[in-house]
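Chain residues, written in single-letter form:
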Amino acid sequence: MNNLFSIYTVHFFALVLVQVLIFNHVNFLGYINPYPYILFIALFPVKNNRLVLIFISFLLGLSIDLFLDTGGIHAGASVCIAYARPVILKFAFGTIYEHQTVKFNAVDFGSKLMYFTILTAIHHLILFSLEVFNMSKIILILQKTLFSSIFTILISLSITIVFSRKTR
Amino acid sequence: MLFFLLFCISLVFTIQSHSYHKSKFINSANFLTGGVYNSANNISRYFNLKSQNQLLAEENRRLRSLLSNARISTDSVYIDSTSFNKSYTFYNANIIKNSYSLSDNILTINKGKNDSIKQDFGVISSKGIIGIIDKTSNNFATVLSVLNTTSRISAQLKKSNHFGTLSWNAKSPDFVQLTDIPKVAKVKVGDTIITSGRSSIFPKNIGVGIIKSFQLDAAENYYEIDVKLFNDMTNLEHVYIIENVNKQEITNLEDE
(Lines give C-alpha, C1' and ligand atoms only; values in the text may rest on other atoms or scores of the structure.)
Protein backbone atom coordinates (compact mmCIF):
# COMPACT_ATOMS: atom_id res chain seq x y z
CA MET A 1 0.00 0.00 0.00
CA ASN A 2 2.81 2.32 0.97
CA ASN A 3 4.56 1.41 -2.23
CA LEU A 4 1.44 2.20 -4.23
CA PHE A 5 1.14 5.52 -2.46
CA SER A 6 4.69 6.56 -3.37
CA ILE A 7 4.19 5.48 -7.00
CA TYR A 8 1.15 7.70 -7.32
CA THR A 9 2.93 10.61 -5.64
CA VAL A 10 5.66 10.34 -8.25
CA HIS A 11 3.03 10.11 -11.01
CA PHE A 12 1.37 13.23 -9.65
CA PHE A 13 4.46 15.41 -9.72
CA ALA A 14 5.79 13.96 -12.95
CA LEU A 15 2.51 14.61 -14.76
CA VAL A 16 2.25 18.17 -13.46
CA LEU A 17 5.81 18.99 -14.52
CA VAL A 18 5.52 17.31 -17.91
CA GLN A 19 2.24 19.12 -18.50
CA VAL A 20 3.43 22.63 -17.68
CA LEU A 21 6.93 22.35 -19.10
CA ILE A 22 6.30 20.37 -22.28
CA PHE A 23 2.69 19.87 -23.30
CA ASN A 24 1.69 23.46 -22.71
CA HIS A 25 4.26 24.65 -25.21
CA VAL A 26 3.09 22.46 -28.05
CA ASN A 27 0.62 25.07 -29.38
CA PHE A 28 -0.12 23.04 -32.46
CA LEU A 29 -1.67 25.32 -35.12
CA GLY A 30 -1.42 28.17 -32.66
CA TYR A 31 -3.79 27.10 -29.94
CA ILE A 32 -4.16 23.32 -29.67
CA ASN A 33 -2.57 21.90 -26.54
CA PRO A 34 -2.99 18.39 -25.15
CA TYR A 35 -3.76 17.94 -21.45
CA PRO A 36 -2.59 14.41 -20.66
CA TYR A 37 -2.36 15.10 -16.92
CA ILE A 38 -5.90 13.74 -16.63
CA LEU A 39 -4.30 10.30 -17.08
CA PHE A 40 -3.72 10.46 -13.34
CA ILE A 41 -7.44 10.65 -12.70
CA ALA A 42 -8.23 8.08 -15.38
CA LEU A 43 -5.77 5.49 -14.11
CA PHE A 44 -6.31 5.98 -10.38
CA PRO A 45 -7.02 2.55 -8.78
CA VAL A 46 -10.70 1.72 -9.02
CA LYS A 47 -11.02 0.25 -5.55
CA ASN A 48 -9.86 3.36 -3.71
CA ASN A 49 -12.12 5.75 -1.91
CA ARG A 50 -14.04 8.11 -4.14
CA LEU A 51 -13.60 11.10 -1.85
CA VAL A 52 -9.84 10.65 -1.89
CA LEU A 53 -9.84 10.70 -5.69
CA ILE A 54 -11.99 13.84 -5.83
CA PHE A 55 -9.74 15.61 -3.38
CA ILE A 56 -6.52 14.58 -5.13
CA SER A 57 -8.00 15.63 -8.49
CA PHE A 58 -8.71 19.03 -7.02
CA LEU A 59 -5.10 19.35 -5.87
CA LEU A 60 -3.85 18.17 -9.26
CA GLY A 61 -5.99 20.68 -11.13
CA LEU A 62 -5.08 23.46 -8.77
CA SER A 63 -1.35 22.87 -9.17
CA ILE A 64 -1.78 23.03 -12.96
CA ASP A 65 -3.76 26.26 -12.53
CA LEU A 66 -1.03 27.68 -10.34
CA PHE A 67 1.49 27.20 -13.11
CA LEU A 68 -0.71 28.40 -15.93
CA ASP A 69 -2.33 31.42 -14.19
CA THR A 70 -5.76 30.16 -15.14
CA GLY A 71 -7.68 30.69 -11.92
CA GLY A 72 -9.54 27.47 -11.14
CA ILE A 73 -10.46 26.06 -14.53
CA HIS A 74 -8.31 22.92 -14.36
CA ALA A 75 -9.33 22.28 -10.76
CA GLY A 76 -13.00 22.56 -11.67
CA ALA A 77 -12.78 20.32 -14.72
CA SER A 78 -10.68 17.70 -12.88
CA VAL A 79 -13.06 17.55 -9.94
CA CYS A 80 -15.94 17.06 -12.35
CA ILE A 81 -14.43 14.07 -14.12
CA ALA A 82 -13.31 12.58 -10.80
CA TYR A 83 -16.90 12.85 -9.64
CA ALA A 84 -18.30 11.40 -12.84
CA ARG A 85 -15.70 8.65 -13.16
CA PRO A 86 -17.70 5.74 -11.67
CA VAL A 87 -20.52 6.35 -14.14
CA ILE A 88 -18.12 6.50 -17.09
CA LEU A 89 -16.31 3.37 -15.88
CA LYS A 90 -19.60 1.52 -15.69
CA PHE A 91 -20.57 2.67 -19.17
CA ALA A 92 -17.23 1.83 -20.76
CA PHE A 93 -16.36 -1.43 -19.04
CA GLY A 94 -19.78 -2.79 -18.10
CA THR A 95 -19.63 -6.02 -16.16
CA ILE A 96 -15.91 -5.98 -15.35
CA TYR A 97 -16.49 -2.83 -13.39
CA GLU A 98 -19.41 -4.37 -11.52
CA HIS A 99 -17.01 -6.97 -10.13
CA GLN A 100 -14.54 -4.25 -9.15
CA THR A 101 -11.72 -5.90 -11.04
CA VAL A 102 -10.75 -3.37 -13.70
CA LYS A 103 -7.03 -3.57 -14.37
CA PHE A 104 -6.14 -0.87 -16.84
CA ASN A 105 -3.27 -2.92 -18.23
CA ALA A 106 -5.49 -5.87 -18.98
CA VAL A 107 -8.66 -4.46 -20.51
CA ASP A 108 -9.26 -4.59 -24.24
CA PHE A 109 -8.33 -1.61 -26.36
CA GLY A 110 -11.83 -0.70 -27.54
CA SER A 111 -13.31 -0.10 -24.12
CA LYS A 112 -10.16 1.70 -22.99
CA LEU A 113 -10.44 4.07 -25.95
CA MET A 114 -14.11 4.61 -25.16
CA TYR A 115 -13.29 5.34 -21.51
CA PHE A 116 -10.56 7.86 -22.35
CA THR A 117 -12.67 9.51 -25.02
CA ILE A 118 -15.64 10.19 -22.74
CA LEU A 119 -13.45 11.31 -19.85
CA THR A 120 -11.39 13.65 -22.05
CA ALA A 121 -14.38 15.11 -23.85
CA ILE A 122 -16.16 15.97 -20.59
CA HIS A 123 -12.99 17.38 -19.06
CA HIS A 124 -12.14 19.56 -22.05
CA LEU A 125 -15.69 20.80 -22.50
CA ILE A 126 -15.81 22.02 -18.90
CA LEU A 127 -12.24 23.30 -19.11
CA PHE A 128 -12.76 25.46 -22.19
CA SER A 129 -16.21 26.64 -21.10
CA LEU A 130 -14.66 27.93 -17.90
CA GLU A 131 -11.67 29.35 -19.75
CA VAL A 132 -13.64 31.31 -22.32
CA PHE A 133 -16.47 31.94 -19.83
CA ASN A 134 -18.68 33.44 -22.48
CA MET A 135 -21.61 31.53 -23.94
CA SER A 136 -21.70 33.69 -27.06
CA LYS A 137 -18.39 32.13 -28.10
CA ILE A 138 -19.77 28.58 -27.99
CA ILE A 139 -18.31 27.80 -31.42
CA LEU A 140 -14.82 28.62 -30.16
CA ILE A 141 -15.37 26.42 -27.09
CA LEU A 142 -16.56 23.45 -29.15
CA GLN A 143 -13.75 23.90 -31.66
CA LYS A 144 -11.10 23.98 -28.95
CA THR A 145 -12.72 21.02 -27.19
CA LEU A 146 -12.80 18.90 -30.33
CA PHE A 147 -9.22 19.47 -31.47
CA SER A 148 -7.62 19.35 -28.05
CA SER A 149 -9.57 16.19 -27.17
CA ILE A 150 -8.27 14.35 -30.21
CA PHE A 151 -4.75 15.42 -29.33
CA THR A 152 -5.10 14.51 -25.64
CA ILE A 153 -6.56 11.09 -26.40
CA LEU A 154 -3.73 10.27 -28.80
CA ILE A 155 -1.05 11.36 -26.33
CA SER A 156 -2.74 9.63 -23.38
CA LEU A 157 -3.04 6.34 -25.24
CA SER A 158 0.59 6.54 -26.38
CA ILE A 159 1.72 7.16 -22.81
CA THR A 160 -0.26 4.20 -21.50
CA ILE A 161 1.11 1.96 -24.24
CA VAL A 162 4.70 3.06 -23.69
CA PHE A 163 4.61 2.83 -19.92
CA SER A 164 2.38 -0.21 -19.49
CA ARG A 165 3.97 -3.19 -17.81
CA LYS A 166 3.61 -6.45 -19.61
CA THR A 167 1.40 -8.21 -17.15
CA ARG A 168 -0.02 -10.73 -19.52
CA MET B 1 -20.85 16.98 -1.04
CA LEU B 2 -17.10 17.28 -1.22
CA PHE B 3 -17.43 17.45 -4.98
CA PHE B 4 -19.76 20.43 -4.84
CA LEU B 5 -17.63 22.18 -2.26
CA LEU B 6 -14.43 21.80 -4.32
CA PHE B 7 -16.20 22.63 -7.57
CA CYS B 8 -17.52 25.82 -6.02
CA ILE B 9 -14.04 26.75 -4.80
CA SER B 10 -12.64 26.32 -8.30
CA LEU B 11 -15.51 28.33 -9.73
CA VAL B 12 -14.71 31.15 -7.33
CA PHE B 13 -11.07 31.06 -8.43
CA THR B 14 -12.14 31.07 -12.06
CA ILE B 15 -14.46 34.04 -11.63
CA GLN B 16 -11.79 35.90 -9.71
CA SER B 17 -9.28 35.26 -12.46
CA HIS B 18 -11.66 36.84 -14.99
CA SER B 19 -11.70 40.13 -13.17
CA TYR B 20 -8.69 42.36 -13.28
CA HIS B 21 -6.39 42.38 -10.22
CA LYS B 22 -8.56 40.02 -8.22
CA SER B 23 -6.94 36.57 -8.32
CA LYS B 24 -5.09 36.49 -5.06
CA PHE B 25 -3.67 33.02 -4.55
CA ILE B 26 -3.57 31.29 -7.88
CA ASN B 27 -0.88 33.01 -9.89
CA SER B 28 2.48 31.87 -11.15
CA ALA B 29 4.48 34.67 -9.51
CA ASN B 30 5.10 32.66 -6.37
CA PHE B 31 8.27 31.07 -5.11
CA LEU B 32 7.49 27.54 -6.25
CA THR B 33 6.14 28.02 -9.77
CA GLY B 34 8.46 30.94 -10.45
CA GLY B 35 11.42 28.81 -9.42
CA VAL B 36 10.37 25.92 -11.65
CA TYR B 37 9.82 28.19 -14.64
CA ASN B 38 13.09 29.96 -14.01
CA SER B 39 15.15 26.78 -14.04
CA ALA B 40 13.28 25.48 -17.09
CA ASN B 41 13.90 28.79 -18.82
CA ASN B 42 17.60 28.59 -18.00
CA ILE B 43 17.72 25.55 -20.25
CA SER B 44 15.24 26.48 -22.96
CA ARG B 45 16.59 29.98 -23.54
CA TYR B 46 19.57 28.49 -25.36
CA PHE B 47 17.32 27.23 -28.12
CA ASN B 48 16.29 30.68 -29.31
CA LEU B 49 19.51 32.52 -28.56
CA LYS B 50 20.01 33.20 -32.25
CA SER B 51 16.68 34.87 -32.94
CA GLN B 52 16.80 36.82 -29.68
CA ASN B 53 20.30 38.06 -30.46
CA GLN B 54 19.09 39.21 -33.84
CA LEU B 55 16.27 41.15 -32.20
CA LEU B 56 18.66 42.82 -29.79
CA ALA B 57 21.17 43.63 -32.51
CA GLU B 58 18.37 45.14 -34.58
CA GLU B 59 17.38 47.30 -31.64
CA ASN B 60 20.97 48.38 -31.05
CA ARG B 61 21.23 49.41 -34.67
CA ARG B 62 18.06 51.46 -34.39
CA LEU B 63 19.16 53.15 -31.16
CA ARG B 64 22.60 53.90 -32.59
CA SER B 65 21.13 55.54 -35.64
CA LEU B 66 18.89 57.59 -33.38
CA LEU B 67 21.85 58.58 -31.26
CA SER B 68 24.10 59.64 -34.10
CA ASN B 69 21.32 61.48 -35.91
CA ALA B 70 20.06 63.27 -32.82
CA ARG B 71 19.69 66.99 -33.30
CA ILE B 72 22.11 68.99 -31.20
CA SER B 73 20.05 71.05 -28.84
CA THR B 74 20.29 74.77 -29.52
CA ASP B 75 18.45 75.58 -26.34
CA SER B 76 20.56 77.88 -24.20
CA VAL B 77 18.95 76.83 -20.93
CA TYR B 78 20.81 73.90 -19.49
CA ILE B 79 18.63 71.24 -17.90
CA ASP B 80 20.25 68.46 -15.94
CA SER B 81 18.18 65.69 -17.37
CA THR B 82 19.16 63.17 -14.71
CA SER B 83 17.42 65.05 -11.96
CA PHE B 84 14.63 66.79 -13.84
CA ASN B 85 12.60 65.86 -16.80
CA LYS B 86 12.82 62.18 -16.20
CA SER B 87 9.37 60.76 -15.94
CA TYR B 88 9.98 57.14 -16.91
CA THR B 89 12.37 54.58 -15.47
CA PHE B 90 13.21 51.44 -17.46
CA TYR B 91 14.08 48.02 -16.06
CA ASN B 92 14.97 44.99 -18.10
CA ALA B 93 13.70 41.48 -17.46
CA ASN B 94 13.32 38.09 -19.09
CA ILE B 95 10.09 36.30 -19.83
CA ILE B 96 10.23 32.91 -18.13
CA LYS B 97 6.74 31.76 -19.07
CA ASN B 98 5.04 32.78 -22.28
CA SER B 99 1.44 31.97 -23.14
CA TYR B 100 -0.68 32.88 -26.15
CA SER B 101 -3.10 30.02 -26.77
CA LEU B 102 -5.61 30.70 -23.99
CA SER B 103 -8.22 33.42 -24.04
CA ASP B 104 -6.72 35.08 -20.96
CA ASN B 105 -2.98 34.91 -21.38
CA ILE B 106 -0.66 35.80 -18.52
CA LEU B 107 3.14 35.83 -18.75
CA THR B 108 5.69 35.47 -15.97
CA ILE B 109 8.92 37.48 -15.72
CA ASN B 110 11.96 37.05 -13.52
CA LYS B 111 11.89 40.41 -11.72
CA GLY B 112 9.77 41.20 -8.69
CA LYS B 113 9.36 43.33 -5.60
CA ASN B 114 13.07 43.03 -4.78
CA ASP B 115 13.81 44.81 -8.05
CA SER B 116 11.16 47.44 -7.17
CA ILE B 117 8.68 46.17 -9.75
CA LYS B 118 5.12 47.00 -8.79
CA GLN B 119 1.61 46.47 -10.10
CA ASP B 120 0.56 48.50 -13.17
CA PHE B 121 4.01 49.05 -14.62
CA GLY B 122 4.03 48.74 -18.39
CA VAL B 123 5.94 45.97 -20.18
CA ILE B 124 7.33 46.40 -23.71
CA SER B 125 9.81 44.63 -25.94
CA SER B 126 12.22 46.21 -28.39
CA LYS B 127 9.41 46.25 -30.97
CA GLY B 128 6.27 47.19 -29.10
CA ILE B 129 3.93 46.70 -26.19
CA ILE B 130 3.49 43.40 -24.39
CA GLY B 131 1.30 44.05 -21.37
CA ILE B 132 0.94 45.37 -17.84
CA ILE B 133 2.37 44.00 -14.59
CA ASP B 134 -0.35 42.30 -12.58
CA LYS B 135 0.90 40.37 -9.53
CA THR B 136 4.34 40.57 -7.97
CA SER B 137 6.19 38.32 -5.55
CA ASN B 138 9.67 38.89 -4.19
CA ASN B 139 11.49 37.64 -7.28
CA PHE B 140 8.83 37.21 -9.95
CA ALA B 141 5.92 39.06 -11.46
CA THR B 142 3.03 38.17 -13.73
CA VAL B 143 2.19 40.24 -16.79
CA LEU B 144 -1.33 40.68 -18.11
CA SER B 145 -0.59 40.24 -21.80
CA VAL B 146 -2.26 42.33 -24.53
CA LEU B 147 -3.50 38.91 -25.62
CA ASN B 148 -5.96 38.81 -22.75
CA THR B 149 -9.66 39.42 -23.20
CA THR B 150 -9.75 41.54 -20.03
CA SER B 151 -6.86 43.79 -21.08
CA ARG B 152 -7.71 47.38 -22.10
CA ILE B 153 -4.94 49.70 -23.27
CA SER B 154 -5.30 53.19 -24.65
CA ALA B 155 -3.84 53.58 -28.15
CA GLN B 156 -4.03 56.09 -30.95
CA LEU B 157 -3.26 56.64 -34.62
CA LYS B 158 0.27 57.83 -35.23
CA LYS B 159 -0.61 60.52 -37.76
CA SER B 160 -3.53 62.04 -35.88
CA ASN B 161 -4.47 62.21 -32.23
CA HIS B 162 -7.64 60.12 -32.43
CA PHE B 163 -7.45 57.55 -29.69
CA GLY B 164 -9.28 54.36 -28.82
CA THR B 165 -9.08 51.21 -26.74
CA LEU B 166 -7.02 48.13 -27.53
CA SER B 167 -8.61 44.80 -26.69
CA TRP B 168 -8.32 41.24 -27.93
CA ASN B 169 -10.98 38.92 -29.34
CA ALA B 170 -9.03 35.72 -28.53
CA LYS B 171 -8.88 34.66 -32.19
CA SER B 172 -5.27 35.08 -33.31
CA PRO B 173 -2.10 35.92 -31.36
CA ASP B 174 -0.99 38.18 -34.23
CA PHE B 175 -3.90 40.62 -34.17
CA VAL B 176 -5.51 42.85 -31.56
CA GLN B 177 -8.58 45.04 -31.98
CA LEU B 178 -8.70 48.80 -31.64
CA THR B 179 -12.19 50.19 -31.01
CA ASP B 180 -13.70 53.60 -30.30
CA ILE B 181 -11.77 55.45 -33.00
CA PRO B 182 -14.29 58.13 -34.10
CA LYS B 183 -15.62 58.09 -37.64
CA VAL B 184 -14.07 61.44 -38.54
CA ALA B 185 -10.56 60.02 -38.19
CA LYS B 186 -8.84 59.22 -41.48
CA VAL B 187 -7.99 55.55 -41.24
CA LYS B 188 -6.00 53.68 -43.87
CA VAL B 189 -4.73 50.12 -44.12
CA GLY B 190 -1.03 50.12 -43.23
CA ASP B 191 -1.17 53.06 -40.83
CA THR B 192 0.80 52.75 -37.60
CA ILE B 193 -0.87 52.51 -34.19
CA ILE B 194 1.05 53.73 -31.12
CA THR B 195 0.29 54.01 -27.42
CA SER B 196 -1.48 57.24 -26.58
CA GLY B 197 0.18 58.15 -23.29
CA ARG B 198 -3.25 59.00 -21.91
CA SER B 199 -3.08 56.36 -19.21
CA SER B 200 -0.27 56.72 -16.72
CA ILE B 201 1.14 53.30 -17.62
CA PHE B 202 2.75 53.62 -21.04
CA PRO B 203 4.52 56.71 -22.34
CA LYS B 204 3.41 58.02 -25.72
CA ASN B 205 4.89 56.76 -28.97
CA ILE B 206 5.47 53.11 -28.15
CA GLY B 207 4.67 51.00 -31.17
CA VAL B 208 1.68 48.70 -31.17
CA GLY B 209 1.22 47.57 -34.75
CA ILE B 210 -0.12 48.44 -38.17
CA ILE B 211 -3.71 48.49 -39.40
CA LYS B 212 -4.66 45.30 -41.18
CA SER B 213 -8.32 46.03 -41.85
CA PHE B 214 -11.07 48.24 -40.49
CA GLN B 215 -14.83 48.65 -40.55
CA LEU B 216 -17.51 50.78 -38.88
CA ASP B 217 -19.21 49.29 -35.83
CA ALA B 218 -22.92 48.49 -35.64
CA ALA B 219 -23.88 52.05 -34.69
CA GLU B 220 -21.69 53.41 -37.53
CA ASN B 221 -20.04 56.01 -35.30
CA TYR B 222 -16.76 54.35 -34.46
CA TYR B 223 -14.23 52.25 -36.32
CA GLU B 224 -13.35 48.70 -35.35
CA ILE B 225 -9.78 48.15 -36.45
CA ASP B 226 -7.76 44.93 -36.70
CA VAL B 227 -4.18 45.74 -35.75
CA LYS B 228 -1.26 43.49 -36.65
CA LEU B 229 1.17 43.58 -33.73
CA PHE B 230 4.80 44.53 -34.30
CA ASN B 231 5.73 41.94 -31.69
CA ASP B 232 5.75 38.26 -32.42
CA MET B 233 3.97 37.34 -29.19
CA THR B 234 4.91 33.70 -29.64
CA ASN B 235 8.63 34.45 -29.45
CA LEU B 236 9.44 36.71 -26.50
CA GLU B 237 12.47 36.75 -24.27
CA HIS B 238 13.98 40.13 -23.38
CA VAL B 239 11.53 42.77 -22.22
CA TYR B 240 11.63 46.22 -20.64
CA ILE B 241 9.50 47.33 -17.73
CA ILE B 242 8.46 50.97 -17.62
CA GLU B 243 7.83 52.81 -14.41
CA ASN B 244 6.06 56.15 -14.60
CA VAL B 245 7.74 58.17 -11.85
CA ASN B 246 4.93 60.72 -11.81
CA LYS B 247 2.18 58.16 -11.62
CA GLN B 248 1.37 58.82 -7.97
CA GLU B 249 1.05 62.53 -8.62
CA ILE B 250 -1.16 61.99 -11.66
CA THR B 251 -3.55 59.60 -9.93
CA ASN B 252 -3.73 61.82 -6.85
CA LEU B 253 -4.62 64.76 -9.03
CA GLU B 254 -7.25 62.79 -10.91
CA ASP B 255 -8.82 61.50 -7.71
CA GLU B 256 -9.30 64.93 -6.25
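All figures in this text were calculated on a predicted structure; none of them were measured in a lab. (Residues numbered from 1 in each chain as written. Chains lettered and ligands numbered in written order. Predicted model: local features only at pLDDT ≥ 70, side-chain atom pairs only at ≥ 80, totals over all residues. Heavy atoms only, no water.)

**A word on the interface of chain A and chain B**
Logical step 1: At the interface, 34 residues of chain A touch 34 residues of chain B.
Logical step 2: The contact between chain A and chain B buries some 2900 Å² in all, and 71% of this surface belongs to carbon and sulfur atoms.
Logical step 3: When residues of chain A are sorted by the area they lose upon contact with chain B, A:Leu66, A:Phe67 and A:Asp69 head the list and together hold 24% of the total.
Logical step 4: Remark: the boundary between chain A and chain B carries one salt bridge.
Logical step 5: Where B:Lys97 meets A:Asp69, a salt bridge forms, and the shortest distance between an N and an O atom there is 2.8 Å.
Logical step 6: Seen at the junction of chain A and chain B, the total is seven residue pairs in polar contact (both at pLDDT 80 or more).
Logical step 7: Counting residues per element, the ones that place at least two in the side of chain A that touches chain B are α1 (2-21), α3 (50-68), α4 (73-93) and α6 (109-132) of chain A.
Logical step 8: Tallied by class, the residues present in the side of chain A that touches chain B amount to 21 nonpolar, eight polar and five charged. (Contact = heavy atoms within 4.5 Å. Buried area = accessible area lost by both parts, 1.4 Å probe. Salt bridge = Lys/Arg side-chain N within 4 Å of Asp/Glu carboxyl O. Polar contact = N/O pair within 3.5 Å; in protein donor to acceptor, adjacent residues only side chain to side chain. Helix = DSSP H or I, 4+ residues; strand = E, 2+ residues; numbered from the N terminus. Nonpolar A, V, L, I, M, F, W, Y, C, P; charged D, E, K, R; others polar.)

**Regarding the nonpolar core**
As a rule of thumb, soluble globular proteins bury nonpolar side chains together.
Logical step 1: Counting 55 residues, the largest nonpolar core has A:Tyr37, A:Phe40, A:Leu60, A:Val79 and A:Tyr115 as the members making the most contacts within it.
Logical step 2: Elements supplying a minimum of two residues to this core: α1, α2 (39-42), α3, α4, α6 and α7 (138-163) of chain A together with α1 (2-18) of chain B.
Logical step 3: Formed by 44 residues, the second largest nonpolar core is a distinct cluster that contains B:Ile130, B:Ala155, B:Ala185 and B:Ile201. (Core = buried A, V, L, I, M, F, W, Y, C linked by side-chain atoms within 4.5 Å. Buried < 20%, exposed > 50% of the residue type's maximum accessible area, 1.4 Å probe, protein only.)

**Points about α4(A)**
All names here are of chain A.
Logical step 1: When the terminal C-alpha atoms of α4 are compared, their 28 Å separation across 21 residues agrees well with the 30 Å that a helix rising 1.5 Å per residue should span.
Logical step 2: At Arg85, α4 shows its largest kink, close to 50°, and the proline Pro86 lies no more than four residues downstream.
Logical step 3: Of the residues one or two after α4, Gly94 is the one with positive phi, at around 60°. (Expected span 1.5 Å × (residues − 1). Bend = angle between axes of the 7 residues up to and from the residue.)

**Thoughts on the packing of aromatic side chains**
Residues and elements named next belong to chain A.
Logical step 1: The full count for this structure, using the stated rule, is 10 aromatic pairs over all chains.
Logical step 2: Note on Tyr8 and Phe44: the rings are 5.5 Å apart at their centroids and 65° apart in plane angle, and the pair reads as edge-to-face. Taken as a pair, Tyr8 in helix α1 and Phe44 in the loop between α2 and α3 lie far apart in primary sequence, 36 residues in all.
Logical step 3: For Tyr8, a relative accessible area of 18% puts it in the buried group. (Phe/Tyr/Trp six-rings, centres within 6.5 Å; stacked < 30°, edge-to-face > 60°.)

**What to know about unusual backbone geometry**
Logical step 1: Its identity as a non-glycine residue notwithstanding, A:Asp69 has a phi of 55°, on the positive side.
Logical step 2: Of note, A:Asp69 is situated in the loop between α3 and α4.
Logical step 3: A:Asp69 sits in the buried class, given a relative accessible area of 4%.
Logical step 4: At B:Ala170, a residue that is not glycine, the phi angle is positive and equals roughly 65°.
Logical step 5: As for its placement among the helices and strands, B:Ala170 is situated in the loop between β7 (163-167) and β8 (175-182).
Logical step 6: Overall, B:Ala170 belongs to the buried group, its relative accessible area being 12%.

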